[in-house]
Amino acid sequence: MITKDILPFIPQRAPFVMIDALLYVDDTTARTSFKAKADNVFNEDGFLAEAGLLENIAQTAAAGAGYNALQQSKPAPLGYIAAVKNFEVFFLPAINSELTTEIVTTGHVMNMQLISGKILLNDKLVAQCEMRIFIEPADS
């Protein structure tokens, strides 16, 4: 597990802290864990809302990119969700559920990173989507 060394480099700011640990990273894949607490901004009636699921996927992508940049002694890139496609939610996880999220980078087009992401709870698919993330050029 990679965890704490990378977390300061991930653009998470309260109240939008949506990952707890970076579990795995390679050139195309990142995997994180997350347990939403009762005070999470996306807590709706004891469940993690859809917007929280999307933010968790996006922050998993950011964690992977940040870790890979750190390994190359580069600053972590800034990214912004540009588009979400085929977002499916199979169920909303209860607060305090331990989620595992995995993203796979499927391509790059100019300053866009294309990913597919999925969130699991005890090996059950919670949600999945494809996402385009605009990566701010380093010279900006």
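Residues numbered from 1 in each chain as written. Predicted model: local features only at pLDDT ≥ 70, side-chain atom pairs only at ≥ 80, totals over all residues. Heavy atoms only, no water.

**A few points about the overall build of the protein chain**
As a reminder, the rule being used: Secondary structure counts use DSSP, requiring at least four H or I residues in a row for a helix and at least two E residues in a row for a strand, with both numbered from the N terminus. We call a residue buried when its accessible area falls under 20% of the maximum for its residue type, exposed when it is over 50%, and partly exposed in between, using a 1.4 Å probe and counting protein chains only. Any pair of residues with heavy atoms lying within 4.5 Å of one another is described as a contacting pair.
Scanning the protein chain for helices and strands turns up 1 helix and 8 strands. Across the 140 residues in the protein chain, those meeting the buried criterion constitute 38%. Nonlocal contacts in the protein chain, meaning residues at least 24 apart in sequence, comprise 60% of its contacts between residues at least 6 apart.

**Concerning the sheet that holds strand 5 (residues 79–89)**
The strands that make up a sheet are held in pairs by hydrogen bonds between backbone atoms, and each pair lies either parallel or antiparallel. Operational definition: Being paired, for any two strands, means DSSP has found at least two bridges between them. A fitted line through C-alpha atoms represents every axis, and for helices the fit uses only the stretch in contact; the resulting angles, taken between N-to-C directions, go from 0 to 180 degrees.
With respect to topology, 6 strands assemble into an open sheet ordered 1-2-6-7-8-5, the strand pairing being antiparallel. If you trace the sheet from one side to the other, it starts and ends with strand 1 (21–25) and strand 5, each paired once. This sheet shows a mean twist of 25 degrees between the axes of neighbouring strands, independent of strand direction. Note that strand 1 and strand 2 (residues 29–35) share 4 bridges and pair antiparallel. Within the sheet, the bridge partner assigned to Ala21 lies in strand 2 and is Ser33.

**Here's the deal with unusual backbone geometry**
Residue Asn96 is not a glycine yet carries a positive backbone phi of 80 degrees. Note that Asn96 resides in the loop between strand 5 and strand 6 (98–109). The class of Asn96 is partly exposed, set by a relative accessible area of 46%.

**Considerations on the layout of surface pockets**
Rules: In this analysis, the protein atoms alone were mapped onto a 1 Å grid. Cavities are point sets where a 1.4 Å probe fits without being able to get out; pockets are open sets with protein on both sides within 12 Å along at least five of seven lines; lining residues have an atom within 4 Å of a point. Grid points are joined across faces, edges and corners, and a volume is the space filled by probe spheres set on the points. Under the scheme applied here, ten amino acids are nonpolar (Ala, Val, Leu, Ile, Met, Phe, Trp, Tyr, Cys and Pro), four are charged (Asp, Glu, Lys and Arg), and all others, including Gly, are polar.
Put simply, the largest pocket is a space of about 600 Å³. Put simply, the parts of the chain that give the lining of the largest pocket at least two residues each are strand 2, helix 1 (50–71), strand 6 and strand 7 (112–121). At 5 residues, the largest contribution of residues to the lining of the largest pocket is made by helix 1. Classifying every residue of the lining of the largest pocket gives 15 nonpolar, 10 polar and 4 charged.

**Structural notes on the nonpolar core**
Test applied: Definition used in this section: a nonpolar core is a set of buried Ala, Val, Leu, Ile, Met, Phe, Trp, Tyr and Cys residues joined via side-chain atoms within 4.5 Å.
By size, the foremost hydrophobic cluster in this structure holds 22 residues, and its most contacted members are Leu48, Ile57, Leu99, Ile115, Val126 and Met131. Broken down by secondary-structure element, the contributors of at least two residues to this core are strand 2, helix 1, strand 6, strand 7 and strand 8 (124–135). Discounting chain neighbours no more than four positions away, the residues touching Val126 are Leu53, Glu88, Val89, Phe90, Phe91, Pro93, Leu99, Ile119, Leu120 and Leu121. Counting 5 residues, the second-largest nonpolar core is a separate cluster that includes Ile19, Leu22, Ala63 and Tyr67.

**Section: helix 1**
Every α-helix winds through 3.6 residues per turn, so residues three or four apart in the chain are directed the same way. For clarity, the cut-off: Expected span of a helix: the number of residues minus one, times 1.5 Å.
Between its terminal C-alpha atoms helix 1 stretches 32 Å, which fits the 32 Å expected from 22 residues at 1.5 Å a residue. Just beyond helix 1, the residue with positive phi is Ser73, at close to 55 degrees.

**Side note on the pairing of strand 2**
When you tally the buried positions in strand 2, you get 5 out of 7 residues, the bulk of the element. As paired strands, strand 2 and strand 6 are joined by 7 bridges and run antiparallel to one another. The partner of Thr32 across the bridge, within strand 6, is Thr101.

**Brief notes about the pattern of salt bridges**
The condition is simple: Every case where a carboxyl oxygen of Asp or Glu lies within 4 Å of a side-chain nitrogen of Lys or Arg is listed as a salt bridge.
Within the structure shown, the criterion is met by 1 salt bridge. Between Arg31 and Glu102 there is a salt bridge, with its nearest N and O atoms 2.8 Å apart. Of this pair, Arg31 sits in strand 2 while Glu102 sits in strand 6, and the two are 71 residues apart along the sequence. For Arg31, a relative accessible area of 28% translates into the label partly exposed.

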